[in-house]
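Residues per chain, in single letters:
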Amino acid sequence: MTRDVFVLVESNTTGTGRLFPAAARSLGLHPVLLAADPSRYASVGGAEVVRTDTDDVRAVVEACRGLAVGRRVAGVATSSDYYVETAAAAAVALGLPGNSPADLAAVRDKGTQRARLAAAGVRVPRFTVAGTVDEVLAAAAETGYPVVVKPVTGSGSLGVLLCADPEQAADHARALLSRGSDERGRAVPRRVTVEEFVSGAEYSAEVLDGTVAGITAKHLGAQPLFVETGHDFPAALAPAAREAVTEAAEAAVRVLGIGLGPAHVELRLGPAGPVLIEVNPRLAGGWIPRLVREATGADLILATVAAFSGLPSPVAVTAARGAAIRFVVPAGSGRLSGVDGVARACAVPGVVDVEIYREPGTEITVSGDFRDRIGHVLARGTTAAEAAVAAEEAVGHIAPSLVARQGVQA
């Protein structure tokens, strides 16, 4: 095989991660997935898989050099939040396109990220980084309840909780600070952020090469959790609000040094304008890139692979429609015995995709984060509002059946 190689250092295990290999192939590249444990991936999108210690930058670099025998490695990237620094460090070591690993390390630490943004004049919630329960309680008292307490690293709403009082803040902080590793088994800092709760609608700006390619409206489940239950694209914003969100997002990625490739910028539109919640140096999860493609024809995954391979990466808009996704979230934990209503959901006009991620017999544990989503319905319409109506109707037909661990139907 002589085709140039595109290397993915691990991948997200849900959502659009499995679409990256197809994007690489469409650019004439041979996709290779480096994975410490290939068995964790139900699908790798047809990529060649090479077992590698992906926690070791040197091992990743050596694996890439091995792949380059008789062919050229064109780019190294990842679709996983956990490996953006590793992928960037390997790219830099190999002389390939990439952002600064040091800048990415600062972005992934939410305390450091917030400090950089605040120092540059980008509006963020009031926050404190805390390493003990006492520090959390002192910060929360100063900020004023309710406060958001979350780990300084992570994604997908993992460990994020709106705490209404000192008892809740102390219990949650104690649990977070006792964690030594994340769900991938990697060591995590024993620090949390204590943040002002910003009211208002939540949006995300999807950024590529420093420019906003579109804005997504987010739907969240019930507080005190922050589980994302759906997205609409493009967000229905007044021109002034759209401009303000765009300016805030582009300012944030400039400050943080994310000049190449994607960034997923989360904001809340408060009474005084947009407030930056956090910046993720990767493409959005939750199938948002698919929404963008359904609505506009623009392929953010293809553009991302192109950017990290040194190829032109324009975002080509060919349509002006709307798209929406709603996730299937069970009401409780238990063993999944089946999912009713999928055929009815598929028959709703405008629905273009229905998928259930879990097989019958799977044990479902509601965790209060993205892992609670066991399926989705995705719809397209002439507008995002039209698509949202179809998605809401379709997801309403889907009914997971759970058997509680005690043997009682849930």
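Only a predicted model underlies this, so the values are computations on that prediction, with no experimental measurement involved.

Chemist: Describe the overall build of the protein, naming the residues involved and giving the relevant values.
Modeler: Broken down by element type, the protein carries twelve helices and 19 strands. For 410 residues, the compact-globule estimate of 2.2 N^0.38 gives 22 Å, and the C-alpha radius of gyration of the protein, at 21 Å, lies within 12% of that figure. By principal-axis analysis of the C-alpha atoms, the protein measures approximately 60 × 50 × 50 Å. Residues classed as buried in the protein amount to 53% of the 410 residues present. When the accessible surface of the protein is summed, it comes to about 16,400 Å², and 53% of that surface belongs to carbon and sulfur atoms. Side chains of the protein carry 38 positive and 44 negative charges; the gap between the two charge centres is 3 Å.

Chemist: Account for helix α4 (residues 101-108), with residues named and values stated.
Modeler: Every buried residue of α4 is listed here: Leu104, Ala106, Val107 and Arg108. Contacts from the buried residues of α4 go to α3 (84-93), α5 (110-119), α8 (239-256) and β13 (273-280).

Chemist: Now, about the pattern of salt bridges: what can you tell me, with residues and values included?
Modeler: Here the structure, examined in full by the defined rule, presents 24 salt bridges. Taking the shortest distance from any N to any O, the salt bridge between Lys150 and Glu278 comes out at 3.1 Å. Residue Lys150 is located in strand β6 (residues 147-151), and its partner Glu278 is located in strand β13; the two are separated by 128 residues in the primary sequence. Under the relative-accessibility criterion, Glu278 is labelled buried at 9%. The salt bridge involving Glu202 is made with Arg268; its shortest N-O contact spans 3.0 Å. Highlighted residues: Glu202 in strand β9 (residues 201-208) and Arg268 in strand β12 (residues 262-270), separated in sequence by 66 residues. Neither residue differs from the other here; Glu202 and Arg268 are each classed as buried. Each of the salt bridges in this network shares a partner with another, and the network as a whole consists of Asp81, Glu85, Arg108 and Arg282.

Chemist: Can you lay out the side chain of Arg290 for me, pointing to particular residues and giving the numbers?
Modeler: One can find Arg290 in helix α9 (residues 288-296). With near-sequence residues (within four places) excluded, Arg290 lies in contact with Thr16, Val352, Asp353 and Leu378.

Chemist: Go over the sheet that holds strand β1 (residues 5-9) with me, naming the residues and quoting the values.
Modeler: Backbone hydrogen bonds hold the strands of a sheet together, and the pairing may be parallel or antiparallel. The strand order across the open sheet formed by four strands is β3-β2-β1-β4, and the pairing between neighbours is parallel. Looking at strand neighbours, the two that pair on one side only are β3 (48-51) and β4 (73-77), the edges of this open sheet. Going across the sheet, the axis of each strand differs from the next one's by a mean of 25°, ignoring polarity. Pairing between β1 and β4: four bridges, direction parallel. Within β4, the residue paired with Val7 across the bridge is Val76.

Chemist: Which residues make up the packing of α5 against α8, and what are the values?
Modeler: At a closest axis distance of 10 Å, the pairing of α5 and α8 adopts a crossing angle of 110°. Viewed along their axes, α5 and α8 adopt a mutual orientation that is roughly perpendicular. For the pair α5 and α8, the crossing hand works out as right-handed. Every residue of α8 that contacts α5 at Gln113, Arg116 and Leu117 is listed here: Ala252, Val255 and Leu256. Across the contact of α5 with α8, the residue classes break down as four nonpolar, one polar and one charged.

What counts and how
- Residues numbered from 1 in each chain as written.
- Predicted model: local features only at pLDDT ≥ 70, side-chain atom pairs only at ≥ 80, totals over all residues.
- Heavy atoms only, no water.
- Helix = DSSP H or I, 4+ residues; strand = E, 2+ residues; numbered from the N terminus.
- Rg over C-alpha atoms; globule rule 2.2 N^0.38 Å.
- Buried < 20%, exposed > 50% of the residue type's maximum accessible area, 1.4 Å probe, protein only.
- Areas by Shrake-Rupley, 256 points an atom, 1.4 Å probe, with all protein chains shown as cover.
- Lys, Arg positive; Asp, Glu negative; His and termini not counted.
- Charge placed at Lys NZ, Arg CZ, Asp CG, Glu CD.
- Contact = heavy atoms within 4.5 Å.
- Salt bridge = Lys/Arg side-chain N within 4 Å of Asp/Glu carboxyl O.
- Pairing = 2+ DSSP bridges.
- Axes fitted to C-alpha atoms, helices over the stretch in contact; angles between N-to-C directions.
- Parallel < 35°, antiparallel > 145°, perpendicular 65-115°, else oblique.
- Left-handed = near helix turned anticlockwise from the far one by under 90°.
- Nonpolar A, V, L, I, M, F, W, Y, C, P; charged D, E, K, R; others polar.

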